[in-house]
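# Observations on the model geometry
Here is how the chains run, residue by residue.
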Amino acid sequence: MPLDRPGALIDQGPLIPQVDFSRFQMRIPTERYHSREYQERERQRLWMRVWQIAGREAELPDAGDWLVYRIFDQSFIVVRGNDGALRGFVNSCRHRGNALCEDRGHTARFLCPYHHWSFGLDGRLLAVPRPDFDGTVEEFVGPKEELGLWPVPVESFAGFIFLNPDPTARPLRDFLGDAAPLLRAYRLEEMVPVDLNVTEAIQCNWKVVMDAFHEGYHVRGVHPELVSIMDMGKERFTRLGPHGATTVPFGQSQAGVSAPESELQTIRAIPFANFPALATLMPRFEERVATYHGKDDTPEFPPGVTARGILQNVTREMWTAKGLDVSDLTDNQMNDYQFWALFPNVFMQLGPGDATVIIAKPDAEGDPNRCAWHVCAYRWLPVEQRATQLTATVKVPAGEHFAYFLALEQDYRQMERQQHGLRNTGLKYMTLTRQEPRVAHFHTVLDDWIDAK
């Protein structure tokens, strides 16, 4: 059957009991969560070679805008050139290695604060001070064309800036592979941070964060308020190279399997703090449902009409009316959120006009029992509203904590608790279940990178 929309690949993906686990790593050595030796292998074989998100394109709108991206003790400059292109460079002067930049800013050229060598936005060496030398620059220092800033690959996708420390890296399109058209359908490049945009340290390894958001097995224990709204028996997992996605239907996923009132109760019980885009649709949804009420004011849906279907239609109609192109999203994607694992360190909860993105990075100082996460809620807004509703990044000071909405706060506390247990040297490995294919897939891909020669 032809896939008329990209998301149909996930709609038709295997149910969890049908997933082939034969290649997956199901026993995960715990040393990878606390061992400095393992972290050093990870640093060299993964982080210095893999594509990773360095920021948003919207952060660098004009020529001369730049930001610094750091991973461990390495730092890189990403800059918008005069030609509009994004470029990346090692954040070191070619003379004596002085760091050129800190944080972010705007410039017409990069000027080393040590000896005032200057470099263009394209990385080329522009000028070298030589106060006591009457000869040419080439006689003073050597060929200028050989002394530009060291480049690193930088590309953009879905509004995100990706950087790879490896100058020989394959193109980003090869790394994203089949995931690209599915993600492109959500128009992430048109979304902006709204209400939640936080960077904070967590007392756990970065992989604990990824594990937590790569499975729904913990919902019953950690998020009991979500149990009634999710049809966990219909969870699907689709593997897309090193990446993957699951989807869990809200309520009953098949027409006619429950009474209309039960379907409505499930939809009305959705915790909209977790899914704010759905909250804006509920008044129209209730209006449409009211047209099917019988004499006693209870819903009477004709054959083929379900509360789930009504919500899907209302969602598509309202987003289209607002100006968001949802034509590449399936009906299921109108109300069933997809939960993405973008290797190595990105989790995305995606719905139409709505994306919660969590990026976990290793601790900058090298402590494997700590990491930093960036949590951002992206929303689609009409162009004229984006600047006024955009939420700036909150950087939480050391020792303080940001108050998240309930589910995220529950995850935050649980992840720190898990790290305490993983540090016990008597625990040699974790044992995964067949309810955790994204976790198993993640660690299998990670092993491929770490063990590669």
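This one's a predicted model, so the numbers in the text were calculated from it and none came from an experiment.

## Comments concerning the overall build of the protein
For the protein, the helix and strand inventory stands at 14 helices and 21 strands. For 453 residues, the compact-globule estimate of 2.2 N^0.38 gives 22 Å, and the protein sits close to it at 25 Å. In terms of principal-axis extent, the alpha carbons of the protein reach across some 100 × 55 × 45 Å. The burial tally for the protein puts 53% of its 453 residues in the buried class. At a minimum sequence separation of 6, the contacts of the protein that also span at least 24 residues come to 67%. Here the protein displays about 20600 Å² of accessible surface, and carbon together with sulfur accounts for 50% of that area. When the 48 basic and 60 acidic side-chain charges of the protein are each reduced to a single mean position, those positions are 3 Å apart.

## Considerations on the confidence of the model for the protein
When pLDDT is averaged across the protein, the result is 92; 97% of the residues are at 70 or more. Here residues 253–257 is modelled with pLDDT under 50, and outside its nearest four sequence neighbours on either side it reaches seven contacts, counting other chains as well.

## Focus on the nonpolar core
Counting residues in hydrophobic clusters, the biggest one holds 118 residues, and the most contacted among them are Val 209, Trp 340, Met 348 and Trp 373. Sequence-distant contacts of Val 209, that is, excluding residues within four places in its chain, are made with Ile 202, Cys 204, Ile 358, Ala 360, Cys 371, Trp 373 and Met 415. Ranked by size, the runner-up nonpolar core spans 18 residues in total, among them Ile 77, Cys 93, Leu 125 and Leu 149.

Conventions used here
- Residues numbered from 1 in each chain as written.
- Predicted model: local features only at pLDDT ≥ 70, side-chain atom pairs only at ≥ 80, totals over all residues.
- Heavy atoms only, no water.
- Helix = DSSP H or I, 4+ residues; strand = E, 2+ residues; numbered from the N terminus.
- Rg over C-alpha atoms; globule rule 2.2 N^0.38 Å.
- Buried < 20%, exposed > 50% of the residue type's maximum accessible area, 1.4 Å probe, protein only.
- Contact = heavy atoms within 4.5 Å.
- Areas by Shrake-Rupley, 256 points an atom, 1.4 Å probe, with all protein chains shown as cover.
- Lys, Arg positive; Asp, Glu negative; His and termini not counted.
- Charge placed at Lys NZ, Arg CZ, Asp CG, Glu CD.
- pLDDT = per-residue confidence, 0-100.
- Core = buried A, V, L, I, M, F, W, Y, C linked by side-chain atoms within 4.5 Å.

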